[in-house]
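Coordinates in review
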Amino acid sequence: MVLIVGGRNQGKAEYAKTFGKEIIADYHIIIRTLMQKNESPTEYTRQLLTEKTDCVITIDEVGSGLIPVDAFERNYSEEVGRISCDLAAHAQAVYRMVCGIPQKIK
């Protein structure tokens, strides 16, 4: 699995296409949707990691700014951060996209 992280609109989706693998885009949105349904994004991610070993996952960096006042948004930010760490630990390669430029960090 390849993980591509970065801010919004930094070129993650375009870069993901260059790998020629299945793309799971905007994983942070999947996390939000699961949380809104009171489902566990951690369990979903564990299952994903066993089933999709040869894919590219893109995820926005969330939580690099101000701490949200809203409790759900705070929990969401923390969940995205934790899951990003789990994904990176399992990935064969991790890239950070900045201004359309990929930086390999693992």
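Here's what I pulled together on the structure shown here.

The rules behind each value
Residues numbered from 1 in each chain as written. Predicted model: local features only at pLDDT ≥ 70, side-chain atom pairs only at ≥ 80, totals over all residues. Heavy atoms only, no water. Pairing = 2+ DSSP bridges. Helix = DSSP H or I, 4+ residues; strand = E, 2+ residues; numbered from the N terminus. Buried < 20%, exposed > 50% of the residue type's maximum accessible area, 1.4 Å probe, protein only. Arc of directions from axis to C-beta. Contact = heavy atoms within 4.5 Å. Axes fitted to C-alpha atoms, helices over the stretch in contact; angles between N-to-C directions.

Bridge count for strand β1 (residues 2-6) against strand β4 (residues 93-98) is 5 bridges, and the pairing is parallel. The partner of Val5 across the bridge, within β4, is Arg96. Two elements, β4 and strand β5 (residues 101-104), share 4 bridges in a ladder whose sense is antiparallel. Residue Val98 lies in a different strand from β5, and its bridge partner there is Ile101. The hairpin formed by β4 and β5 contains 2 residues between the paired strands, and Cys99 there has a positive phi angle of roughly 55 degrees.

Attention now goes to unusual backbone geometry. The residue Asp26 is not glycine, and still its phi comes out positive at about 55 degrees. In this structure, Asp26 sits in the loop between β2 (22-24) and α2 (27-36). Taking relative accessible area as the criterion, Asp26 reaches 34% and is therefore assigned partly exposed. Located in the positive-phi region is Cys99, a residue other than glycine, with phi close to 55 degrees. When you line up the elements, Cys99 lands in the loop between β4 and β5.

Residues of helix α3 (residues 41-51) that are buried: Pro41, Thr45, Leu48 and Leu49. The arc that holds the buried residues of α3, viewed along the axis, is 100 degrees, so those residues lie on one side. Exposed positions of α3 whose direction lies more than 90 degrees from the buried face are Thr50 and Glu51. Buried residues belonging to α3 abut β2, α2, β3 (55-60) and α4 (71-90).

One open sheet holds the 5 strands; their spatial order is β2-β3-β1-β4-β5, and the pairing between them is mixed. A strand with exactly one partner marks an edge of an open sheet, and here the two such strands are β2 and β5. In this sheet, neighbouring strand axes are inclined to one another by 25 degrees on average, regardless of whether the strands run parallel or antiparallel. Bridge count for β1 against β3 is 5 bridges, and the pairing is parallel. Across the sheet, residue Gly6 finds its bridge partner in β3, namely Asp60. Packing of α2 onto the sheet brings it into contact with β2 and β3, and relative to β3 it is tilted by some 70 degrees.

Everything listed is a geometric property; what it means functionally is a separate question.
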